[in-house]
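Remarks on the overall topology
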Amino acid sequence: MKKKVIVIGAGPGGLTSTMMLANKGYDVIVFERQNYIGGRNSHIKLDDFTFDLGPTFLIMKFVLEEIFGLSGRKLSDYMECKQIDPLYRLIFSDGKTFYPTSDRKKMREQIAECYPGNEKGYDRYLEYEKKKYEHVFPCLKAPYNRLSSYLKKRFIWAIPYLGPFSNLFDYLGRYFDSDELKLAFTFQAKYLGMSPWKCPGTFSIISFIEQQYGIFHPVGGLSQITKAMAKASEEDGAEIYTSQGVKKIIVKNGIAIGVELESGEKEFADYIVINADFAYAMTNLFKEGVLKKYTASNIARRKYSCSAFMIYLGVDRLYDIPHHNIIFSSDYKNNTLEIAEKKILSEEPSIYVQNACVTDKTLAPDGKSTIYILVPVANREGDINWNKEKARYREKVLDIVEKRAGLNDLRKHIKAEKVITPDDWENEKFVYRGAIFNLAHSIDQMLYLRPHNDFEEVKNCYLVGGGTHPGSGLPTIIESGRISAELIIKRDA
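Computed from a prediction, not measured in an experiment: that's the story for all the values here.

1. Observations concerning helix H2 (residues 61-70)
All of the buried residues in H2 are Lys61, Phe62, Val63, Leu64, Ile67 and Phe68. At the C-terminal side of H2, Gly72 shows a positive phi close to 75°.

Structure follows, in structure tokens:
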């Protein structure tokens, strides 16, 4: 008799598990509260314009290829990906621009021209970070449900390369003496919702992965990833229901046995996989008294990532700027301090701008384009009144991107628009405190110290997504889905 699995949430982590389990013969049902799949990896439609809701960088495409390969499929049969190179344009406060590329010869030449003497550091960076990646990445593919996981050969082998007690910015000082160049290799901490001065040096492998394997864009946007996963899952018999939220997880004698839907119906299963935002799930999906460790007070004390102020613009012209653009504040360190520690609104923010139509013409009508703007801001632990600040901050951000990103007269060309604040992330997308990158990746919230894939509080319950191991960021969220699915499959083997 088939064993039944209920997956709560149709984000990339949940759909990874769904895809793998359905292919192995499990009876899988997915309940998604929203009327669309994808979670933060979904899309927004404004008139004839299509935007990614959240992630816009596809790195580690090979992770996706591996997941599809595990079910006997080819990723290329489900979606088309285009490589982006240069990777992005970095715009510094003095107007200087730098274009990191995965072409090593060009990258070395550009470093030699812009930051003379640092090209030798780049050579050392490539050599050492390759070894580090080969040692550390296997640790992110395995569960850490027991302390004995630290005694595994793969972890012991990686210890000399972890660098957990040095922050990412200082860690890059071993290669480069230019602060601007260090930023070029550390701003990737934003993928984790952290400051380079708080993010552990372990995560230097992110910039190396970009250099080594490139950055990609799926035609149609990154939401194509979860659409492809859903299609593959349904081909193997999985059922995916949208607009069907889970009210509570039914727990009996410490074992998860089913769910109560918001409609009042109850569904029972052998296993429950939680793909809801971790802190939201802990504070909403269990009856009071069920959880002993992750109580509301414990959840409130944990460390969380930043949030984001988002502007999505459909415009009636094309702009000749790169696909990915990062505008740095003149005092980037203070900017990150205001976000992560002071929890105040930075008056000189750093900004990410995506001009996806330079690569993908399917996202807008001919002669028009989509402009996606993300501003890292404090999560809702602070006292920012977004009802008051929303309109003012929109104007500030548009002033900056018109002046510094090359989006001349942007306001005059806006034909469709949507703004999302941290309040919206929390109230409409059910993201705890609007912390879109989930739990922070501090040393005390990583590996065994992060909530376990095989959930430690309730039996037959598994976690996927950015709030469990290995953490946030699209490839690692996909890995979390793979890890949890493999734990269930191994258990029944």
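2. Quick notes on helix H13 (residues 386-404)
Helical periodicity: at 3.6 residues per turn, an α-helix aligns residues three or four positions apart in one direction. At Arg392, H13 is bent by approximately 30°, the largest bend along its length. For H13, the set of buried residues is Trp386, Glu389, Tyr393, Arg394, Val397, Leu398, Ile400, Val401 and Glu402. Along its buried surface, H13 packs onto strand S15 (307-315), strand S16 (324-327), strand S17 (351-354), strand S18 (369-377), strand S19 (414-420) and helix H14 (422-427). Its side-chain oxygen placed 3.1 Å from the backbone nitrogen of Asn387, Asn385 serves as the N-cap of H13. Downstream of H13 by one or two residues, Gly406 has phi in the positive range, about 85°.

3. Quick notes on the environment of Val30
When you line up the elements, Val30 lands in strand S2 (residues 27-31). For the pair formed by Val30 and Ile6, sequence separation is 24 residues and the distance between their alpha carbons is 5.9 Å. In this view, Val30 contacts Val7, Gly9, Ala10, Thr18, Glu239, Ile240 and Tyr241; residues no more than four positions away in its chain are not counted.

4. A look at the sheet that holds S15
Taken in spatial order, the seven strands line up as S8-S7-S16-S17-S18-S15-S19 in an open sheet, and their pairing is mixed. Both edges of this open sheet fall to strand S8 (97-98) and S19, since each of them pairs with a single strand only. Note: strand S7 (residues 89-91) against S16, three bridges, orientation parallel. Bridge pairing in S16 links Arg89 to Asn325. Seen against the sheet, H13 touches S7, S15, S16, S17, S18 and S19 and runs at an angle of roughly 60° to S15.

5. A short note on the sheet that holds strand S6 (residues 81-84)
Sheet architecture is open: three strands sit in the order S5-S9-S6, paired in antiparallel fashion. The sheet is open, and its two borders are formed by strand S5 (58-59) and S6, each paired with just one other strand. Here two bridges tie S5 to strand S9 (residues 215-218), and the two strands are oriented antiparallel to one another. Across the sheet, Leu58 pairs through a bridge with Phe216, a residue of S9.

6. What to know about the pattern of salt bridges
Enumeration according to the criterion identifies 33 salt bridges in this entry. Between Arg73 and Asp236 there is a salt bridge; the shortest N-O distance is 3.0 Å. One end of the pair, Arg73, is in the loop between H2 and S6; the other, Asp236, is in the loop between helix H9 (223-235) and strand S10 (239-241), and 163 residues separate them in sequence. Here the residues in one salt-bridge network are Arg394, Glu395, Asp399, Glu402, Arg411 and Glu417, joined through shared partners.

Conventions and cut-offs
- Residues numbered from 1 in each chain as written.
- Predicted model: local features only at pLDDT ≥ 70, side-chain atom pairs only at ≥ 80, totals over all residues.
- Heavy atoms only, no water.
- Buried < 20%, exposed > 50% of the residue type's maximum accessible area, 1.4 Å probe, protein only.
- Helix = DSSP H or I, 4+ residues; strand = E, 2+ residues; numbered from the N terminus.
- Bend = angle between axes of the 7 residues up to and from the residue.
- Contact = heavy atoms within 4.5 Å.
- Polar contact = N/O pair within 3.5 Å; in protein donor to acceptor, adjacent residues only side chain to side chain.
- Pairing = 2+ DSSP bridges.
- Axes fitted to C-alpha atoms, helices over the stretch in contact; angles between N-to-C directions.
- Salt bridge = Lys/Arg side-chain N within 4 Å of Asp/Glu carboxyl O.

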